[in-house]
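Commentary on secondary and tertiary structure
Chain by chain, the residues run as shown.
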Amino acid sequence: MYILILLIMGSYFFGNEPIALITKSIGNVKYKRITEKKIRSRANASIPIFHGDEIRTKDDSFIKIVYLDDRSFISIYPETKISINGEIYKREVRKKIDVEEGIIRVKILNQKENNFILITPYTEITCKECHFWVISNIKDGDHIYSISANGLVTNRTTLNSIELTNGTTIISKKEKEIQEYYTLATENRYLELLMLDANEEYENPYTGRVINKKMLAIPDNMESNMVEIKFKDAFNNEKKIVLTYTK
């Protein structure tokens, strides 16, 4: 695999060359070149990805795509349709993803020249360096789960924007105000299970919390107490539960 990546990277900076490589494929995954009319039958590991390629996953399928310039990656989960775009500028891929629907995890390493861009029917996300999930569908809108990020989320229908914040969930729907809250344990567990189903290496999500009276809307005349409980999960990752109560 590494030899193949090196060979592709050797020709990558000359002419119309691939911008990424499929490094993992499970189940029924299809893809289509921008110049083709029909979806191909199978997207296997080691297939190069070009600007404009479309990816579609079915039930119980998964695919991982790694960019050739800096090894930023996209993990694409079941029932997902996306297009992967990228033009080469100063030896860096101008990375852009169009998500029609589905579930993806994106980890973008520091972009020197250009922002990474992800677009759904209702939302645009831009960042230089970021790690987040997107679950998108027409009915429920977009749920963005930020693990670590330095970027901006804009609702394309209202033009309202909000900064990506570590450990938060952002909900963006058609013609609705953007919502934000700290990611719930149940949400983290769901994302964790998706990774396990795809045999992906589990990465402990951002678990820090800043809890104060203002955030919890606790009146000044009420007393509040906080208890922290630390434990290790099945993957030997330490986690922390923060309980806050008032009286």
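Attention in this report is confined to the structure presented alongside it. (Residues numbered from 1 in each chain as written. Predicted model: local features only at pLDDT ≥ 70, side-chain atom pairs only at ≥ 80, totals over all residues. Heavy atoms only, no water.)

In this section: the overall build of the protein. The helix and strand tally for the protein stands at three helices and 16 strands. Looking at the protein as a whole, 43% of its 247 residues qualify as buried. In the protein, 42% of the contacts between residues at least 6 apart in sequence involve partners at least 24 apart. As displayed, the protein offers around 13500 Å² of accessible surface, 50% of which is attributable to carbon and sulfur atoms. (Helix = DSSP H or I, 4+ residues; strand = E, 2+ residues; numbered from the N terminus. Buried < 20%, exposed > 50% of the residue type's maximum accessible area, 1.4 Å probe, protein only. Contact = heavy atoms within 4.5 Å. Areas by Shrake-Rupley, 256 points an atom, 1.4 Å probe, with all protein chains shown as cover.)

Here we come to the state of the cysteines. Throughout the structure, instances matching the rule amount to one disulfide. The side chain of Cys127 participates in a disulfide bridge whose partner is Cys130; the two sulfur atoms lie 1.9 Å from each other. Look at Cys127 and you get buried, because its relative accessible area is 1%. A residue is classified by how much of its surface remains accessible, and Cys130, at 3% relative accessible area, is buried. (Disulfide = S-S within 2.5 Å.)

Evaluated as defined, the whole model comprises three aromatic pairs. Among the aromatic side chains, those forming a connected cluster through ring pairs are Phe62, Tyr77 and Trp133. Stacked on the ring of Tyr89, the Lys or Arg Arg94 has its end atom at 4.1 Å from the ring centre. Seen from the ring of Tyr67, Lys95 lies directly overhead, with NZ or CZ sitting 5.1 Å from the centre. (Phe/Tyr/Trp six-rings, centres within 6.5 Å; stacked < 30°, edge-to-face > 60°. Lys NZ or Arg CZ within 6 Å of the ring centre and 35° of its normal.)

In a regular helix each residue adds 1.5 Å, so 13 residues correspond to 18 Å; helix α2 (residues 185-197) covers 18 Å between its end C-alpha atoms and thus fits that length. All of the buried residues in α2 are Glu187, Asn188, Leu191, Glu192, Leu194 and Met195. Buried residues of α2 fall within an arc of 155° about the axis and therefore sit on the same side. Along α2, the residues that are exposed and aim more than 90 degrees away from the buried face are Ala185, Thr186 and Asp197. Downstream of α2 by one or two residues, Asn199 has phi in the positive range, about 55°. (Expected span 1.5 Å × (residues − 1). Arc of directions from axis to C-beta.)

All right, on to the pairing of strand β6 (residues 73-76) then. The side-chain alternation of β6 yields two buried faces, one formed by Phe73 and Ser75 and the other by Ile74 and Ile76. Here four bridges tie strand β5 (residues 62-67) to β6, and the two strands are oriented antiparallel to one another. Bridge pairing in β6 links Ile63 to Ile76. Counted between consecutive antiparallel strands, the loop separating β5 from β6 contains five residues, among which Arg71 sits at a positive phi close to 70°. (Pairing = 2+ DSSP bridges.)

Looking at the secondary structure, you find Ser146 in strand β11 (residues 141-155). According to the relative accessible area criterion, Ser146 is buried, its value standing at 3%. Engagement of the side chain of Ser146 in a polar contact is seen with the backbone oxygen of Thr165, the distance being 3.2 Å. Apart from the residues within four sequence positions on either side, Ser146 is in contact with His131, Phe132, Leu164, Thr165, Asn166, Gly167 and Thr168. (Polar contact = N/O pair within 3.5 Å; in protein donor to acceptor, adjacent residues only side chain to side chain.)

This part is about the nonpolar core. Counting 36 residues, the largest nonpolar core has Ile55, Leu118 and Phe132 as the members making the most contacts within it. The element that contributes the greatest number of residues to this core is strand β8 (residues 92-108), accounting for six residues. Other than its neighbours up to four places away in sequence, Ile55 contacts Val29, Lys30, Tyr31, Ile49, Ile63, Ile65, Ile76, Thr80, Lys81, Ile82 and Ile84. (Core = buried A, V, L, I, M, F, W, Y, C linked by side-chain atoms within 4.5 Å.)

As a further point, take the environment of Ala45. Of note, Ala45 is situated in the loop between β2 (29-32) and β3 (48-49). You can call Ala45 partly exposed: its relative accessible area is 36%.

Here we take up the pattern of salt bridges. Per the counting criterion, the structure on display carries eleven salt bridges. Glu54 serves as the salt-bridge partner of Arg56, at 3.9 Å between the closest nitrogen and oxygen. The class of Arg56 is partly exposed, set by a relative accessible area of 31%. With relative accessibility at 22%, the residue Glu54 sits in the partly exposed group. Residues joined by salt bridges that share partners form a network here, namely Lys24, Lys64, Arg105 and Glu200. (Salt bridge = Lys/Arg side-chain N within 4 Å of Asp/Glu carboxyl O.)

The next thing to look at is unusual backbone geometry. Non-glycine residue Glu79 carries a positive phi angle of around 60°. One can find Glu79 in the loop between β6 and β7 (80-89). Residue Glu79 is classed as partly exposed on the basis of its relative accessible area, which comes to 43%. The backbone of Lys90 sits at a positive phi, close to 50°, despite the residue not being glycine. Its place among the elements puts Lys90 in the loop between β7 and β8. On the basis of relative accessibility, which here comes to 57%, the residue Lys90 falls in the exposed class.

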